[in-house]
Amino acid sequence: MRLLFEMDKKDYGECTHSFVRNSARSIIIINKRIAMIHSLKYDYYKFPGGGIENGENPIDAMIRETREESGLVVKPETIKEYGYVHRIQKSDSGETECFVQDNYYYLCEAEECVVSQDLDEYESKETYTLEFVDPQVAIRKNRNVAQTPYNKMMFEREARVLELLMVEGLLD
């Protein structure tokens, strides 16, 4: 899979160990709009998807997480690798921990029927909502997130992937 870009803060000189948490995300485009999860609580957008569990392959994780977060059922035969983003920085958890993450993105289609979400407690508290959004709206929102417990690099990562999709003509 091709590297889309790297996000390296180079702030981890004190790190003695790493925490690795890879993820897999779906890119579902319908009529120039893209399926995104909107956190109503913190007002940001993210691609449907999430963490890859031990022993799980990225495609299975993307299918599972997309269904849980959005209710969209991915059609396995439509899945195509898009690329991945490599992120590395000092962890928010401590001075000696380094956070490393590869975020795998897959172009795919979903069934027309949307099923009910199966959200984790924190996802429910954030009121995760599926929206088919204009990519410019999601980029603008993500670059202006105010109060949030999350590292802002997550919002910028999603904005940059949306920009790449536009530049490469996939949202035309």
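Coordinates for the structure precede this section.
So, here's what we can say about the structure. (Residues numbered from 1 in each chain as written. Predicted model: local features only at pLDDT ≥ 70, side-chain atom pairs only at ≥ 80, totals over all residues. Heavy atoms only, no water.)

## Concerning the overall build of the protein chain
Logical step 1: Within the protein chain, the secondary structure is distributed over 4 helices and 10 strands.
Logical step 2: Starting at the N terminus and walking to the C terminus, you meet the elements of the protein chain as β-β-β-β-β-β-β-α-β-β-α-β-α-α.
Logical step 3: Taken over C-alpha atoms, the radius of gyration comes to 16 Å for the protein chain, in line with the 16 Å a tight globule of 172 residues would show.
Logical step 4: Taken over the C-alpha atoms alone, the protein chain extends approximately 50 × 35 × 35 Å along its principal axes.
Logical step 5: Across the 172 residues in the protein chain, those meeting the buried criterion constitute 47%. (Helix = DSSP H or I, 4+ residues; strand = E, 2+ residues; numbered from the N terminus. Rg over C-alpha atoms; globule rule 2.2 N^0.38 Å. Buried < 20%, exposed > 50% of the residue type's maximum accessible area, 1.4 Å probe, protein only.)

## Some words on the pairing of strand β3 (residues 23–27)
It is a general feature of regular strands that their side chains alternate between the two faces of the sheet.
Logical step 1: Burial analysis of β3 places 5 of its 5 residues in the buried class, the great majority of the element.
Logical step 2: Neither face of β3 is open: one carries Ser-23, Arg-25 and Ile-27, the other Ala-24 and Ser-26, and all of them are buried.
Logical step 3: As judged from the 3 bridges shared by β3 and strand β7 (residues 49–51), these two strands associate in the antiparallel manner. Considered in β7, the bridge of Ala-24 is made with Gly-50. (Pairing = 2+ DSSP bridges.)

## Digging into the pairing of strand β8 (residues 80–90)
Logical step 1: In the sheet, strand β1 (residues 3–8) pairs with β8 via 5 bridges, with the strands oriented parallel. Note that in β8 the partner of Glu-6 across the bridge is His-86.
Logical step 2: Both β8 and strand β9 (residues 97–107) contribute to a ladder of 10 bridges, which runs antiparallel. Considered in β9, the bridge of Val-85 is made with Asn-103.
Logical step 3: In sequence, β8 turns back onto β9 through a hairpin of 6 residues.

## Concerning helix α1 (residues 58–70)
Logical step 1: When the terminal C-alpha atoms of α1 are compared, their 17 Å separation across 13 residues agrees well with the 18 Å that a helix rising 1.5 Å per residue should span.
Logical step 2: Taken as a whole, α1 has its buried residues at Ala-61, Met-62, Arg-64, Glu-65, Thr-66, Glu-68, Glu-69 and Ser-70.
Logical step 3: For α1, the side-chain oxygen to backbone nitrogen distance between the N-cap and Ile-59 is 3.0 Å, and the N-cap itself is Asn-57.
Logical step 4: Two residues or fewer after α1 comes Gly-71, characterised by a positive phi angle close to 85 degrees. (Expected span 1.5 Å × (residues − 1). Polar contact = N/O pair within 3.5 Å; in protein donor to acceptor, adjacent residues only side chain to side chain.)

## Quick notes on helix α4 (residues 153–167)
Logical step 1: Counted at 1.5 Å a residue, the expected span for α4 with its 15 residues is 21 Å, and the 21 Å between its end C-alpha atoms agrees.
Logical step 2: For α4, the complete set of buried residues consists of Met-153, Met-154, Phe-155, Arg-157, Glu-158, Ala-159, Val-161, Leu-162 and Leu-165.
Logical step 3: After α4 finishes, the residue Gly-169 shows a positive phi value of roughly 75 degrees.

## Looking at the nonpolar core
Logical step 1: In this structure, Ile-34, Phe-47, Val-161 and Leu-165 are the most contacted members of the largest nonpolar core, which totals 21 residues.
Logical step 2: Mapped onto this core, the elements with two or more residues apiece are β1, β5 (33–39), β8, β9, α3 (135–142) and α4.
Logical step 3: Setting aside its immediate chain neighbours within four residues, Val-161 contacts Leu-4, Phe-5, Phe-47, Tyr-82, Val-85 and Tyr-105.
Logical step 4: One finds Ile-52, Met-62, Val-74 and Ala-110 within the second-largest nonpolar core, a separate group that totals 13 residues. (Core = buried A, V, L, I, M, F, W, Y, C linked by side-chain atoms within 4.5 Å. Contact = heavy atoms within 4.5 Å.)

## Observations regarding the side chain of Glu-69
Logical step 1: Along the chain, Glu-69 falls in helix α1.
Logical step 2: When near neighbours in sequence (up to four residues on either side) are disregarded, Glu-69 contacts Ile-37, Lys-46, Phe-47, Pro-48, Gly-49, Gln-117, Leu-119, Glu-123 and Tyr-128.

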